[in-house]
Amino acid sequence: MPVELFFDLVYVFAITQLSHLLLNHLDAAGAAQTLLLTLAVWWAWMYTTWTTNYCDPDHPVLRLTLTGAMLAGLVMAAALPQAFGPRAWWFAGAYVALQVGRTIVVTVAARAFPIGRTFRLVLAYHAVSAVLWIAGAALGGTAQAVLWTAALLVEYAAPWLGYRMPILGAVTPADWTIDGAHMAERCQLFVIIALGESVLVTGVTLAEHPHLDAATVAAFTVAFLASVATWWVYFHQTAEKAAEATARSSDTGRLGRSAYTYIHIPMVAGIIVAAVGDELVIAHPLDGISAGTALTVLGGPALFLAGHALFQKAVFGRVPANRVAGIGVLAAAGLLVALAPGLVPPLVLAVVAALVLAAVAATDIVRGRSRATAGLAS
């Protein structure tokens, strides 16, 4: 675990880079680029998590492998702001080195074990996507965006396709039996990393604000409380119960793939987007609201709630009504802003988003207590 926590430090920096990238390019193109790079960063981290789930991270060979992955990850994170510019080669090279290099080591180490076949197929897919990453960096411009999107499509489709390759065949989630508790814990830590960026943004923005008036302090307080509510929604009972359910499951590979590998993406992305909204609101709490501010302030929490609803559906087989209701309220607030953009200042919109998250957390608490009381009564 200590070596995995050390490895995670690179991704603290990466999340900060991604939020600043979106903040500095708050338009359709900037959002698309940030999304693509976020998916790449998440995939690099997630494949390392699958690796340490199967292999002992404290083994000297894997420690050295993780150290090399950290170095590549640090270069990748440093290149993020200019990945679609002069540092495309840096990003693509570091990403390919991380994914392919780590997979080669594990493929060799696991060659005599059943999971070795899966890693050989993973390596084949990474080799295909590596060509697309490098070609995109070489060509630049529109071709870069197209080829990098294709590379991610190849990589993200691979698990759903069972890593099917001509001649080599395919595998199924039944071949990917995992330590469910470890997978859950690792993803919980990444959520904490993303929330840490949110808290960091609120503190830094307040510290650098030239005028600490009542509206600015109020915006800072609302942003902090929204982060607390987000933490509560994710971690209050659900995270622990989901980890237990995954560990007990007879099909841990399927849950590891769906609930954690894929469905955590909108939750993490939502937290990053919300952090950008927090920074915008604290900087300009009472100014006229822009489309970018409205989309980040409302869209971040909505994306997080949608991801969490899907997570509960995947693990427990149900979609909580309070998540759906919360998304509906956020959508209604967005419609109001679209119809009357000068009516609601950013601070009020942030209050609405925070209240929605707090309401979801509160109803979770009430529902949990009701179930506990019913259990005692029976």
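Counting starts from 1 at the beginning of each chain's written sequence and moves along it residue by residue. Since the coordinates come from a predicted model, pLDDT governs what is reported: local features require at least 70, and pairs of side-chain atoms require 80 or more to be given and counted, while whole-chain, interface and lining totals use all residues. Excluded from the side-chain calculations are hydrogens and water; all other atoms, namely the structure's heavy atoms, are used.

Secondary structure summary: the chain contains 14 helices and zero strands in total. Helix and strand assignments come from DSSP, with helices taken as H or I runs of at least 4 residues and strands as E runs of at least 2, each series counted from the N terminus. For the chain, the sequential pattern of α-helices and β-strands runs α-α-α-α-α-α-α-α-α-α-α-α-α-α. Here the globule rule reads 2.2 Å times residues to the power 0.38, and the radius of gyration is calculated from C-alpha atoms. The C-alpha atoms of the chain give a radius of gyration of 21 Å, which matches the 21 Å a tight globule of 378 residues would have. Excluding contacts between residues fewer than 6 apart, the proportion of contacts in the chain whose partners are at least 24 apart in sequence is 78%. A contact between two residues is defined here by any heavy atoms of the two lying within 4.5 Å.

It is worth spelling out the confidence of the model for the chain at this point. The pLDDT value expresses, per residue, how confident the predictor is, ranging between 0 and 100. Looking at the chain as a whole, its pLDDT mean stands at 91, while 97% of the residues score no less than 70. Across the chain, element-level confidence peaks in helix 6 (residues 141-160) with a mean pLDDT of 96 and bottoms out in helix 14 (residues 346-377) with 82. This stretch, residues 374-378, has a pLDDT under 50; its non-local contacts, to residues over four places away or in other chains, come to zero contacts.

Between Lys or Arg on one side and Asp or Glu on the other, a salt bridge is scored when a side-chain nitrogen of the former is within 4 Å of a carboxyl oxygen of the latter. The full count for this structure, using the stated rule, is six salt bridges. The partner of Arg186 in a salt bridge is Glu4, and the shortest N-O contact between them spans 3.2 Å. Of this pair, Arg186 sits in helix 7 (residues 180-208) while Glu4 sits in helix 1 (residues 2-24), and the two are 182 residues apart along the sequence. In this structure, Arg186 and Glu4 share a single accessibility class: buried. Here Asp251 and Arg254 are joined by a salt bridge, their closest N and O atoms 3.5 Å apart. Of the residues examined, Asp251 reaches a relative accessible area of 24% and is grouped as partly exposed. Each residue is placed in one exposure class: buried if its accessible area under a 1.4 Å probe, protein chains only, is under 20% of its type's maximum, exposed if it is over 50%, and partly exposed if it falls in between.

Aromatic rings in a pair are described by how distant their centres are and how their planes are angled relative to each other. Pairs were defined over the aromatic rings of Phe, Tyr and Trp, the Trp ring being its six-membered one, requiring ring centres within 6.5 Å. Orientation was assigned from the angle between planes: stacked under 30 degrees, edge-to-face over 60, tilted for the rest. Scanning the entire structure with this criterion turns up 24 aromatic pairs. Measuring from ring centre to ring centre gives 5.3 Å for Phe7 and Tyr11, while their planes differ by 45°; the resulting arrangement is tilted. With a gap of four residues between them, Phe7 and Tyr11 both fall in helix 1, about one helical turn apart. Just as Phe7 is buried, Tyr11 falls in that class too. Note on Phe91 and Trp148: the rings are 5.5 Å apart at their centroids and 40° apart in plane angle, and the pair reads as tilted. With Phe91 in helix 4 (residues 88-109) and Trp148 in helix 6, this residue pair connects regions lying 57 residues apart in the sequence.

Right, let's get into the environment of Thr149. Relative to the assigned elements, Thr149 resides in helix 6. Taking the C-alpha atoms as reference points, Thr149 and Ala124, separated by 25 residues in sequence, lie 18 Å from one another. Here the side chain of Thr149 touches Ala145 through a polar contact of 2.7 Å, landing on its backbone oxygen. A 3.5 Å cut-off defines polar contacts: any pair of N or O atoms within that distance qualifies, except that in protein one atom must be a possible hydrogen donor and the other a possible acceptor, and neighbouring residues in sequence count only when both atoms are side-chain atoms.

A separate point is the environment of Thr252. Looking at where Thr252 falls in the secondary structure, it is placed in helix 10 (residues 252-262). A relative accessible area of 7% means that Thr252 is categorised as buried. A C-alpha to C-alpha distance of 23 Å links Thr252 and Ala306, two positions 54 residues apart in sequence. Not counting residues up to four positions away in its chain, the partners in contact with Thr252 are Trp176, Thr177, Ile178 and Thr246. Side-chain polar atoms of Thr252 contact the backbone nitrogen of Ile178, separated by 3.0 Å.

Turning our eyes to something else, we now look at the packing of helix 12 (residues 291-316) against helix 13 (residues 321-339). Look at helix 12 against helix 13: their axes get within 9 Å of each other, and the N-to-C directions meet at 160°. Classified by the angle their axes make, helix 12 and helix 13 are roughly antiparallel. For the pair helix 12 and helix 13, the crossing hand works out as left-handed. Along its contact with helix 12, which presents Ala294, Leu298, Pro301, Ala302, Leu305, Ala306, His308, Ala309 and Gln312, the element helix 13 presents Arg323, Gly326, Ile327, Leu330, Ala333, Gly334 and Val337. Each residue is assigned to one of three groups, with Ala, Val, Leu, Ile, Met, Phe, Trp, Tyr, Cys and Pro labelled nonpolar, Asp, Glu, Lys and Arg labelled charged, and all others, Gly among them, labelled polar. Counted by class, the contact of helix 12 with helix 13 contains eleven nonpolar, four polar and one charged residues. Here an angle of 0 to 180 degrees is reported between the N-to-C directions of two axes, which are lines fitted to C-alpha atoms, with helices fitted over the stretch in contact. Should an angle fall under 35 degrees it is taken as roughly parallel, and over 145 as roughly antiparallel, whereas 65 to 115 is taken as roughly perpendicular and any remaining angle as oblique. Here a crossing is taken to be left-handed if its near helix is turned anticlockwise relative to the far helix by less than a right angle, and right-handed if that turn runs clockwise.

It is worth spelling out the nonpolar core at this point. In plain words, nonpolar cores are sets of buried Ala, Val, Leu, Ile, Met, Phe, Trp, Tyr and Cys residues tied together by side-chain atoms within 4.5 Å. Among the nonpolar cores identified, the biggest contains 116 residues, and Tyr11, Trp42, Phe91, Trp133 and Trp148 are the most heavily contacted of them. With sequence-adjacent residues up to four places away left out, Trp133 is seen in contact with Leu36, Ala40, Phe91, Ala92, Tyr95, Val96, Trp148, Ala151, Leu152 and Glu155.

Turning to its location among the elements, Thr65 is positioned in helix 3 (residues 60-79). The residues contacting Thr65, other than those within four sequence positions of it, are Arg102 and Val105.

We note that Tyr163 has phi near 55°; this positive angle belongs to a residue other than glycine. With respect to the helices, strands and loops of the structure, Tyr163 is situated in the loop between helix 6 and helix 7. Take Tyr163: its relative accessible area is 6%, and that puts it in the buried class. Non-glycine residue Gln237 carries a positive phi angle of around 70°.

Moving on to the environment of Gly277. If you trace the backbone, Gly277 turns up in helix 11 (residues 264-283). Residue classification places Gly277 among the buried residues on the basis of a relative accessible area of 1%. When the C-alpha positions of Gly277 and Ala314 are compared, they lie 29 Å apart, and in sequence the two are 37 residues distant. Setting aside residues up to four positions removed in sequence, Gly277 forms contacts with Thr296 and Val297.

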